[in-house]
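Single-letter residue listing:
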Amino acid sequence: MLTHRDDSIAAIATAPGRGAVGIVRVSGLAVAAVMQAVCARALAPREARYLPFLDEAGRPIDQGLALYFPGPHSYTGEDVLELQAHGGPVVLQLLLARCLEAGREAGLRVAQPGEFTQRAFLNDKIDLAQAEAIADLIDASTEAAARSASRSLSGEFSREVDALLAQLVQLRMLVEATLDFPEEEIDFLQQSDAVGQLARLQERLRAVLERTRQGALLREGLKVVIAGQPNAGKSSLLNALAGAELAIVTPIAGTTRDVVSQSIQIEGVPLHVIDTAGLRESEDPVERIGIERAWAQIALADAVLFLHDASRRADADWQAGDARIRERLRAHLPQGVPVIEVWNKQDLLAPAEGQALEGLPLSARTGLGLDGLRRRLLDVAGWQASPEGVWIARERHVQALQRVGEHLRAAGAHLAPEALALDLLAEELRLAQNALGEITGAFSADDLLGVIFSSFCIGK
């Protein structure tokens, strides 16, 4: 994508399908030719003009609004023309074809996915974190995610990263200057409070990383797998959490034979809840396939709800089945994946009996304990109820900040008076700065940019 920056590009900028209004967008040097051919006149900057859009023979394709944004004061930083027509697919395709024909000699071509936003990034209209926030705002599945994406798009996340970068650069300058005076290095570093500067930088990084984790959770959500023996109430729990009859519920053991999933939200946090086949030994080949798929989903889970049937807690066979599942979970789950023990069918027990069980009491049928389960899921996710201060983020941002932390910890070891190594200290600070730069795009490989912008829709 980065090898065609000088091309002019055009695309339909509105979603596929029928609508009241559809937009064709053109960016680059071909705008002047397209404007003259399609609109038959020059347009005043940033002034909407209602006029016919003409085909090659001068006949109207449609009538609508035309807007011209001369660069660099445009979305992409280049000359941009937006034609707002009626939102029929045929009309928009005809209009796009006419623009491409009119701008062919000026090098106009169809835009690749995300290429308009990529131009905005390459022309310094936005940084990489803001560019990603545009896609995240479009894809937001909850109100909290949309508001957080808007904060990131406005530059709130980028400003925090820039503030970290400023502190880091200040410390790097001090260390680099000290390298020129090795005979006075210890006194110079002490007078400049290098240790204090590094500690303050690490403290600020921890705060930014925590909020970034929250933002990544809003975007990515949490994958929660419900596991347990047949007839423990897994499908009933999925239905209760979703508030809809998504999974078939019957008294027959082994009814669920495939994966059933549903995305829900709790306090704006998306949770991807997955109901699986009951885990047991089975000779039924279809059920066995379902059980294998269940274990495959469990292996990819961020959290597992291990559902027990409280009404059968005294059944020796049932206890043995739960023990086998628990042992396999312990052996095969990745380290750090929480297993939440949930005792379902509390409505069938006396109150004293339910209180004696270790784990979360629940009745998927009556709703007893659902609020407690929701709170526990948010705790497991690490969610803190402060969405107004959270910006949208991605896992790559979290990983970049974690690498910054690792380099700063290594830098601290090289800054200790008993093990002072200025060359290694300077190198760790340089690597930390590079990791920070990956977030906003100051240091980014072309292949990373290609992956990010290719996930955008065409016309954005």
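Residues numbered from 1 in each chain as written. Predicted model: local features only at pLDDT ≥ 70, side-chain atom pairs only at ≥ 80, totals over all residues. Heavy atoms only, no water.

**Re the overall build of the protein**
Alright, step 1. If you tally the helices and strands in the protein, you get 16 helices and 12 strands.
Alright, step 2. Scored against the burial criterion, the 460 residues of the protein give a buried share of 47%.
Alright, step 3. Counting contacts in the protein only where the partners sit at least 6 residues apart, residues at least 24 apart contribute 67% of the total. (Helix = DSSP H or I, 4+ residues; strand = E, 2+ residues; numbered from the N terminus. Buried < 20%, exposed > 50% of the residue type's maximum accessible area, 1.4 Å probe, protein only. Contact = heavy atoms within 4.5 Å.)

**A few points about the pattern of salt bridges**
Alright, step 1. As enumerated under the stated definition, the model contains 26 salt bridges in all.
Alright, step 2. With its nearest N and O atoms 2.7 Å apart, the salt bridge here joins R430 to E427. Taken as a pair, R430 and E427 lie in helix 15 (residues 422-440) at a separation of 3 residues, close to a single helical turn.
Alright, step 3. Here E427 falls in the partly exposed class, since its relative accessible area comes to 33%.
Alright, step 4. Sharing partners across several salt bridges, the network here consists of E132, D136, R219, E220, R394 and R396. (Salt bridge = Lys/Arg side-chain N within 4 Å of Asp/Glu carboxyl O.)

**Quick look at the UniProt feature "binding site: K(+)" (unreviewed entry) in the protein**
Alright, step 1. Taking the numbering used here, the UniProt-annotated feature "binding site: K(+)" (unreviewed entry) corresponds to N231, T250, I252 and T255.
Alright, step 2. Relative to the helices and strands, N231 is located in the loop between strand 7 (222-228) and helix 9 (234-242).
Alright, step 3. We classify N231 as partly exposed; its relative accessible area is 30%. (UniProt positions renumbered as here; feature names shortened; annotations may be inferred.)

**A few points about the sheet that holds strand 10 (residues 303-309)**
Alright, step 1. Pairing is mixed across the open sheet formed by 6 strands, whose spatial order is 8-9-7-10-11-12. With partners counted over all chains shown, the strands left at the sheet margins are strand 8 (260-266) and strand 12 (360-361), one partner each.
Alright, step 2. Bridge analysis of strand 11 (residues 339-344) against strand 12 gives 2 bridges, and the strand direction is parallel. By the bridge assignment for strand 12, V342 is matched with L360. (Pairing = 2+ DSSP bridges.)

**Here we look at the nonpolar core**
Alright, step 1. Counting residues in each nonpolar core, the largest one holds 35 residues, and the members touching the most others are L237, L271, L305 and L377.
Alright, step 2. By residue number, the principal contributor to this core is helix 13 (residues 370-381), which donates 5 residues.
Alright, step 3. Three or more residues apiece are contributed to this core by two domains, here domain 2 (138-216 + 394-441) and domain 3 (221-381).
Alright, step 4. By size, the runner-up hydrophobic cluster in this structure holds 32 residues, among which are L174, V175, A194 and L422. (Core = buried A, V, L, I, M, F, W, Y, C linked by side-chain atoms within 4.5 Å. Domains from an automatic or database assignment.)

**Considerations on the state of the cysteines**
Alright, step 1. A complete count under the given rule lists 0 disulfides for this structure.
Alright, step 2. This cysteine, C39, is not joined by any disulfide, and C99 carries the nearest cysteine sulfur, 8.0 Å off. (Disulfide = S-S within 2.5 Å.)

**Quick look at the UniProt feature "binding site: Mg(2+)" (unreviewed entry) in the protein**
Alright, step 1. According to UniProt, the positions carrying the feature "binding site: Mg(2+)" (unreviewed entry) are S235 and T256.
Alright, step 2. Note that S235 resides in helix 9.

**Quick look at unusual backbone geometry**
Alright, step 1. For the peptide bond that leads from G71 to P72, omega is 5 degrees, which places it in the cis range.
Alright, step 2. Structurally, P72 is set in the loop between strand 4 (60-69) and strand 5 (80-87).
Alright, step 3. Positive phi, normally seen in glycine, also occurs at D124, with a value near 65 degrees.
Alright, step 4. The residue D124 is located in the loop between helix 3 (115-122) and helix 4 (128-139) in this model.
Alright, step 5. Residue classification places D124 among the exposed residues on the basis of a relative accessible area of 69%.
Alright, step 6. Despite not being glycine, K345 has its phi angle at roughly 70 degrees, a positive value.

**Some thoughts on the packing of helix 4 against helix 5 (residues 143-153)**
Alright, step 1. Their axes nearest at 8 Å, the elements helix 4 and helix 5 cross at an angle of 155 degrees. The orientation of helix 4 relative to helix 5 falls into the category roughly antiparallel. By crossing handedness, the relation of helix 4 to helix 5 is classed as left-handed. Mapping the contact onto sequence places A129, Q130, A133, I134, D136 and L137 in helix 4 and A146, A149, S150, S152 and L153 in helix 5.
Alright, step 2. The residue inventory of the contact of helix 4 with helix 5, partitioned by class, reads 7 nonpolar, 3 polar and 1 charged. (Axes fitted to C-alpha atoms, helices over the stretch in contact; angles between N-to-C directions. Parallel < 35°, antiparallel > 145°, perpendicular 65-115°, else oblique. Left-handed = near helix turned anticlockwise from the far one by under 90°. Nonpolar A, V, L, I, M, F, W, Y, C, P; charged D, E, K, R; others polar.)

**Comments concerning helix 11 (residues 316-332)**
Alright, step 1. Between its terminal C-alpha atoms helix 11 stretches 24 Å, which fits the 24 Å expected from 17 residues at 1.5 Å a residue.
Alright, step 2. Among all positions in helix 11, only W318, G321, D322, I325 and L329 are buried. Viewed along the axis of helix 11, the buried residues span an arc of 95 degrees, placing them on a single side of the element. With respect to the buried face of helix 11, the exposed residues turned more than 90 degrees away are A316, D317, R324, E327, R330 and A331.
Alright, step 3. The inward-facing, buried residues of helix 11 contact strand 7, helix 10 (285-299), strand 10 and strand 11. (Expected span 1.5 Å × (residues − 1). Arc of directions from axis to C-beta.)

**Describing the packing of aromatic side chains**
Alright, step 1. For the structure shown, the criterion picks out 1 aromatic pair.
Alright, step 2. Here the aromatic rings of F157 and W391 are separated by 5.2 Å at their centres, their planes lie at 15 degrees, and the arrangement is stacked. Taken together, the positions of F157 in helix 6 (residues 156-179) and W391 in the loop between helix 13 and helix 14 (395-415) put the pair 234 residues apart, joining distant regions of the chain. Take F157 and W391: they sit in the same class, and that class is buried.
Alright, step 3. One residue, R25, lies across the ring of F116, its end atom 5.3 Å from the ring centre.
Alright, step 4. Seen from the ring of W295, R328 lies directly overhead, with NZ or CZ sitting 4.1 Å from the centre. (Phe/Tyr/Trp six-rings, centres within 6.5 Å; stacked < 30°, edge-to-face > 60°. Lys NZ or Arg CZ within 6 Å of the ring centre and 35° of its normal.)

**Observations concerning the sheet that holds strand 1 (residues 8-12)**
Alright, step 1. What the 6 strands build is an open sheet, ordered 3-4-5-2-1-6; its pairing is mixed. A strand with exactly one partner marks an edge of an open sheet, and here the two such strands are strand 3 (49-54) and strand 6 (108-110). On average, adjacent strands in this sheet sit at an angle of 30 degrees to one another, irrespective of strand direction.
Alright, step 2. When strand 1 meets strand 2 (residues 19-27), the two strands line up antiparallel, connected through 4 bridges. Pairing of I9 across the sheet is with S27, part of strand 2.
Alright, step 3. Against the sheet, helix 2 (residues 89-102) makes contact with strand 1, strand 2, strand 3, strand 4, strand 5 and strand 6, and its axis sits at roughly 155 degrees relative to strand 5, the strand it touches most.

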